[in-house]
4 protein chains.
Amino acid sequence: MTIRVLVWGENRHEQAEPEVAEIYPDGMHNAIRRGVEARLGERATVRTATLDDPEHGLTEEALAATDVLTWWGHAAHAEVANEVVERVHRHVLSGMGLLVLHSGHWSKIFTKLMGTTCTLRWRSQNDRELVWTVNPTHPIARGVPHPIVIPAQEMYGEQFDIPTPDELIFISSFTGGEVFRSGCTFRRGNGKIFYFSPGDQDYPVYHHPDVLQVIANGVEWAAGDPARRELPTLLRYETGDFFNGHGYRGAMHNKEGSQ
Amino acid sequence: MTIRVLVWGENRHEQAEPEVAEIYPDGMHNAIRRGVEARLGERATVRTATLDDPEHGLTEEALAATDVLTWWGHAAHAEVANEVVERVHRHVLSGMGLLVLHSGHWSKIFTKLMGTTCTLRWRSQNDRELVWTVNPTHPIARGVPHPIVIPAQEMYGEQFDIPTPDELIFISSFTGGEVFRSGCTFRRGNGKIFYFSPGDQDYPVYHHPDVLQVIANGVEWAAGDPARRELPTLLRYETGDFFNGHGYRGAMHNKEGSQ
Amino acid sequence: MTIRVLVWGENRHEQAEPEVAEIYPDGMHNAIRRGVEARLGERATVRTATLDDPEHGLTEEALAATDVLTWWGHAAHAEVANEVVERVHRHVLSGMGLLVLHSGHWSKIFTKLMGTTCTLRWRSQNDRELVWTVNPTHPIARGVPHPIVIPAQEMYGEQFDIPTPDELIFISSFTGGEVFRSGCTFRRGNGKIFYFSPGDQDYPVYHHPDVLQVIANGVEWAAGDPARRELPTLLRYETGDFFNGHGYRGAMHNKEGSQ
Amino acid sequence: MTIRVLVWGENRHEQAEPEVAEIYPDGMHNAIRRGVEARLGERATVRTATLDDPEHGLTEEALAATDVLTWWGHAAHAEVANEVVERVHRHVLSGMGLLVLHSGHWSKIFTKLMGTTCTLRWRSQNDRELVWTVNPTHPIARGVPHPIVIPAQEMYGEQFDIPTPDELIFISSFTGGEVFRSGCTFRRGNGKIFYFSPGDQDYPVYHHPDVLQVIANGVEWAAGDPARRELPTLLRYETGDFFNGHGYRGAMHNKEGSQ
């Protein structure tokens, strides 16, 4: 099975800030796209979409043709249309994989899936980040050194206001002494979610081979079975029939449901 | 410390359906209130509020004076005002405890906190429910038999579309053979949440002493420290200063944040 | 990569009890072997070993050539040599996958890995077992109905004295109303462990296609990378050198360790 | 209820090394004892025992009269008698709380309860340790700053070969950039276990008020109900009788168990 990946990038810093454009001349989304393509080869096909595309490039058709969506946003979280967020949310709960990258922690889609503020402590002053693996058996941790060394990075520190992750894979430290749960998985509905914090517009983190390896691993891990894409629903099941759910007709019709 | 409990009840079935009013003449919320009062005594003060109260009885003042809120809703989830849901959400993330009871699984506040559909399989036909303890050390499981036997109940079955609970305390089975994760805890922000499924308008479950014991245990477990009620926020911390966060000024002002 | 599977069977009931031999003429281990072979095809090579083989068929060489070991024991747990248990334990912590099946819950290797009594409640009287999936995204749950229906089975019930599983995949119910966490994963060291309870000498459970599918899924999930087979060790790391651990020389030589 | 605490100390470094004796003139165990007494007051009674006491001070009677045992060992793990380890293990599984401190990570009792090697990376060179809270709602984290600052400490780093903790409360960083899951809870049988890594013979860590506060919090959290001290056992339950387990008579007597 070929994994259909959609790399979504806000693509605003790259337009507005020359120093970002210098690091990522065709945008962070393309750096991420190339990193996944180079590592997954024929196992994946990778497209990109950005905020300024119609419907942000996240139409019903686009999402239906996506097995894993990666999300990078920062300066323009508020500009993402609510109806698009609802659509992405529905697709994740139906089984589309989602990778949320770095400042995507504060995106509408991530906070909606988490139910928390997703806030953290922060500083941007060239800290070195070390990314330590705490779950060496996890497929997302395959093929990267322990630790991954990122020479210069924005600091993200605890407390990171997320639900307890289903799996904690990476913990980062920073020059200043802060720590961060930098690689976490969550299951929501039929969808698998991986949050990975390394990555920033001001540093060339999406050119770092180990960071790209983790993202590629995450894509493979998060891919669901497209044949089973389905939103969980509430159904009535008669006694002894475990396989044929039928119509829910509202809270005041509990008893009649069986007729 | 006395725990300030607010028992919230939708109180619609009791008005609309005589057979429910017969079981709960002054409403399920008062049955729950009495159950908690009888078990916690001076360790708690218990008030009630219902959907038809102004602002559903969930004003800023009421929530600020609440350590643990219990929530029962069913037929009128849609009538709960969105701004009240936002307010309750903020208080939970700030540290107010929350017990979500039975059909509250589909309430706006629970689905917002969980990020999932919170759907399940269901049938209302006098199944016997057995509530088995799988975490015997948990304070919420104290003082109840293994299993709790509920002679007649609505069936709630898997798959229950919730995030993996932080702690799984109870698993129920039903006469028909279905199973359900009936006692689950979740932490969101600074708030502790306990979902407990036994309880229904059509059966006298809120007169069952073991069910009331679990609810009282849950109240004690969920109570936070009122002195520390605070919403997590995103702040900048300078290198070497771990204790004085200061102003975040927007995504395009990363670097200037330190001046 | 081809997964090298070793199916271990105690093979005593099959010798001692004609009614078991009738169900499993060449032993449960061969029924399991065939089930895995039929489902994984060229993705796996499957051997078998039994208690009465020299060193129980679990020599250093045999384990070094095994990616995933499956374990079924019951009547003769006590006859498994302690040194073989130590050897299997070391290989699991070094990265060999392990599937523990049914009555293997009380084996020396499983209790050693879990640290608990691994006791449960039990009855053998033709209960129907229903195996419900609670984690539909997990690869071990792929391709099986919800629920799996096993017409006749031994009852295993809670409380099952195991550590909280890393992942809870299946919960079973039985005709009598008991429930059981019947599919659980655990990580220990570099090894992945899957416990799956359906399966018994007195019932033809290892001829059930869904049960065999779960076991085959479990084998694929548990397989580690043979190139990385390594026991975790305690090493000293000098400041600034994250990659070259060196000799630990004993607790009274903390300080000298760096010279 | 008064919590009966037994603080166990190996007490060898204090005898053998003058520089340790200078920091802890009457032993680390007495520093810990005083810290708990000062914080819990009448809520606890605290005794001490050491390796050189008869049966290491851990007789059946002593353990039966203990609600929470704290364990510090290092240089002489191997001298702890196996039968005493078995006894402590049985009491933990029966409901006695256990705090494992610092180098106790490599004790016989902790590795037996965990099932893993419990190894880590290490260095003793005056690193500053920062202890960050990642679960602010946990009672063990009450009353301590975020982070706790320990000016000089031994470095313990990942990978720490433990099972995934039930709850991760603290993560530490060190001057050198290493990170460590420094505060973890585990449930085993009916017993609650808290591992807390800060603390060392070469640094005055057990005089640090925040460290002592965490230990006192841990004692309160781990205390079980002495009336329910019981080892999990395997029993047969007849259909319809959920409360009266009876005799297991061996694996070859499955069917006859009911007569």
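Residues numbered from 1 in each chain as written. Chains lettered and ligands numbered in written order. Predicted model: local features only at pLDDT ≥ 70, side-chain atom pairs only at ≥ 80, totals over all residues. Heavy atoms only, no water.

Here's the deal with the overall build of chain A
- A tally of regular secondary structure across chain A gives 7 helices and 10 strands.
- The C-alpha atoms of chain A give 20 Å as radius of gyration, which agrees with the globular expectation for 259 residues (18 Å, within 12%).
- In terms of overall dimensions, chain A has C-alpha extents of about 65 × 40 × 35 Å along its principal axes.
- Counting the 259 residues in chain A, one finds 64% classified as buried.
- Of the contacts formed within chain A by residues at least 6 apart in sequence, a portion of 70% connects residues at least 24 apart. (Helix = DSSP H or I, 4+ residues; strand = E, 2+ residues; numbered from the N terminus. Rg over C-alpha atoms; globule rule 2.2 N^0.38 Å. Buried < 20%, exposed > 50% of the residue type's maximum accessible area, 1.4 Å probe, protein only. Contact = heavy atoms within 4.5 Å.)

Some details on the interface of chain A and chain C
- Taken together, the contact pairs 21 residues of chain A with 21 residues of chain C.
- Across the chain A to chain C interface the summed buried area is about 1,700 Å²; carbon plus sulfur atoms make up 56%.
- Viewed at the interface, chain C and chain A are joined by 0 salt bridges.
- At the surface where chain A touches chain C, the tally comes to 4 residue pairs in polar contact (both at pLDDT 80 or more).
- Those elements that place two or more of their residues in the side of chain A that touches chain C are strand S5 (121-133) and strand S9 (191-196) of chain A. (Buried area = accessible area lost by both parts, 1.4 Å probe. Salt bridge = Lys/Arg side-chain N within 4 Å of Asp/Glu carboxyl O. Polar contact = N/O pair within 3.5 Å; in protein donor to acceptor, adjacent residues only side chain to side chain.)

So, the UniProt feature "domain: ThuA-like" (unreviewed entry) in chain A
- UniProt records the feature "domain: ThuA-like" (unreviewed entry) for residues 4-222 of chain A in the present numbering.
- Between the first and last C-alpha atoms of residues 4-222 of chain A the distance is 11 Å; the span itself is 28% helix and 32% strand. (UniProt positions renumbered as here; feature names shortened; annotations may be inferred.)

Section: the interface of chain B and chain A
- Listed per partner, the contact involves 53 residues of chain B and 53 residues of chain A.
- Around 4,600 Å² of area is buried between chain B and chain A when both sides are counted, 52% of it from carbon and sulfur atoms.
- Where chain B packs against chain A, one counts 0 salt bridges.
- The interface formed by chain B and chain A contains 14 residue pairs in polar contact (both at pLDDT 80 or more).
- Residue assignment for the side of chain B that touches chain A shows that the elements contributing at least two residues are helix H1 (13-16), helix H5 (82-94), helix H6 (108-114), strand S5 (121-133), strand S6 (148-157), strand S8 (179-188) and strand S10 (235-236) of chain B.
- It is S5 of chain B that contributes the most residues to the side of chain B that touches chain A, 5 residues altogether.
- For the side of chain B that touches chain A, the class distribution of residues is 21 nonpolar, 18 polar and 14 charged. (Nonpolar A, V, L, I, M, F, W, Y, C, P; charged D, E, K, R; others polar.)

A closer look at the relation of the copies chain A and chain C
- You can overlay chain A on chain C at an RMSD of 0.0 Å; the transform is a turn of 180° with a shift of 0.0 Å along its axis. A rotation of that kind, with that shift, is consistent with a two-fold axis. No C-alpha of chain A approaches the rotation axis more nearly than that of Asp166 of chain A, which lies at 4.2 Å.
- Comparing interface residues between copies, 100% of those in chain A also sit at the interface in chain C, which points to an isologous, same-surface contact. (Least-squares fit on C-alpha atoms with pLDDT ≥ 70 in both.)

A look at the relation of the copies chain B and chain A
- By a simple turn and slide, chain B fits onto chain A: the slide is 0.0 Å along the axis, the RMSD is 0.0 Å, and the turn is 180°.
- Take the interface residues of chain B: 100% of them recur as interface residues in chain A, which is what a same-surface contact looks like.

Brief notes about helix H3 (residues 28-40) of chain C
Residues and elements named next belong to chain C.
- An ideal rise of 1.5 Å per residue puts 18 Å on 13 residues; H3 measures up with 18 Å between its terminal C-alpha atoms.
- Restricting attention to buried positions, one finds in H3 the residues Met28, His29, Asn30, Ala31, Ile32, Arg33, Gly35, Val36 and Leu40.
- Positive phi shows up at Gly41, right after H3, with a value of about 55°. (Expected span 1.5 Å × (residues − 1).)

Overview of the packing of aromatic side chains
- This model, assessed by the stated rule, comprises 52 aromatic pairs over all chains.
- Each ring, one from Trp132 of chain B and one from Phe242 of chain D, has its centre 5.6 Å from the other, and the planes form 90°; the classification is edge-to-face. Here Trp132 of chain B is found in strand S5, whereas its partner Phe242 of chain D is found in the segment after strand S10 (235-236) on a different chain.
- The class of Trp132 of chain B is buried, set by a relative accessible area of 0%. (Phe/Tyr/Trp six-rings, centres within 6.5 Å; stacked < 30°, edge-to-face > 60°.)

Section: the packing of helix H3 (residues 28-40) of chain B against helix H7 (residues 209-222) of chain B
All names here are of chain B.
- Running from amino to carboxyl end, H3 crosses H7 at an angle of 70°, the nearest separation of the two axes being 9 Å. The angle between H3 and H7 places the two elements in the roughly perpendicular class. Residue-level inspection shows Ala31, Ile32, Gly35, Val36, Arg39 and Leu40 of H3 in contact with H7, the latter providing Pro209, Leu212, Gln213, Ile215, Ala216, Val219 and Glu220.
- When grouped by side-chain class, the residues that make up the contact of H3 with H7 number 9 nonpolar, 2 polar and 2 charged. (Axes fitted to C-alpha atoms, helices over the stretch in contact; angles between N-to-C directions. Parallel < 35°, antiparallel > 145°, perpendicular 65-115°, else oblique.)

Quick look at the pattern of salt bridges
Residues and elements named next belong to chain B.
- Counted by the stated rule, this structure contains 56 salt bridges over all chains.
- Glu60 is the salt-bridge partner of Arg90, the closest N and O atoms lying 3.0 Å from each other. In this pair, Arg90 is assigned in helix H5 and Glu60 in helix H4 (residues 60-64), connecting sequence segments 30 residues apart.
- A relative accessible area of 35% means that Arg90 is categorised as partly exposed.
- On the accessibility criterion, Glu60 (30% relative accessible area) is partly exposed.
- The partner of Arg123 in a salt bridge is Glu178, with the nearest N and O atoms 3.0 Å apart. With Arg123 in strand S5 and Glu178 in the loop between strand S7 (167-174) and S8, this residue pair connects regions lying 55 residues apart in the sequence. Comparing Arg123 with Glu178 shows no difference in burial state: the two are buried.

Overview of unusual backbone geometry
- Across the junction of Glu158 of chain A and Gln159 of chain A, the peptide omega takes the value 10°, indicating a cis bond.
- Mapping Gln159 of chain A onto the fold places it in the loop between strand S6 (148-157) and strand S7 (167-174).
- Despite not being glycine, Cys118 of chain B has its phi angle at roughly 60°, a positive value.
- With respect to the helices and strands, the residue Cys118 of chain B is situated in the loop between H6 and S5.
- Here Glu55 of chain D, not a glycine, exhibits a phi torsion of approximately 50°, which is positive.
- Structurally, the position occupied by Glu55 of chain D is in the loop between strand S2 (44-50) and helix H4 (60-64).

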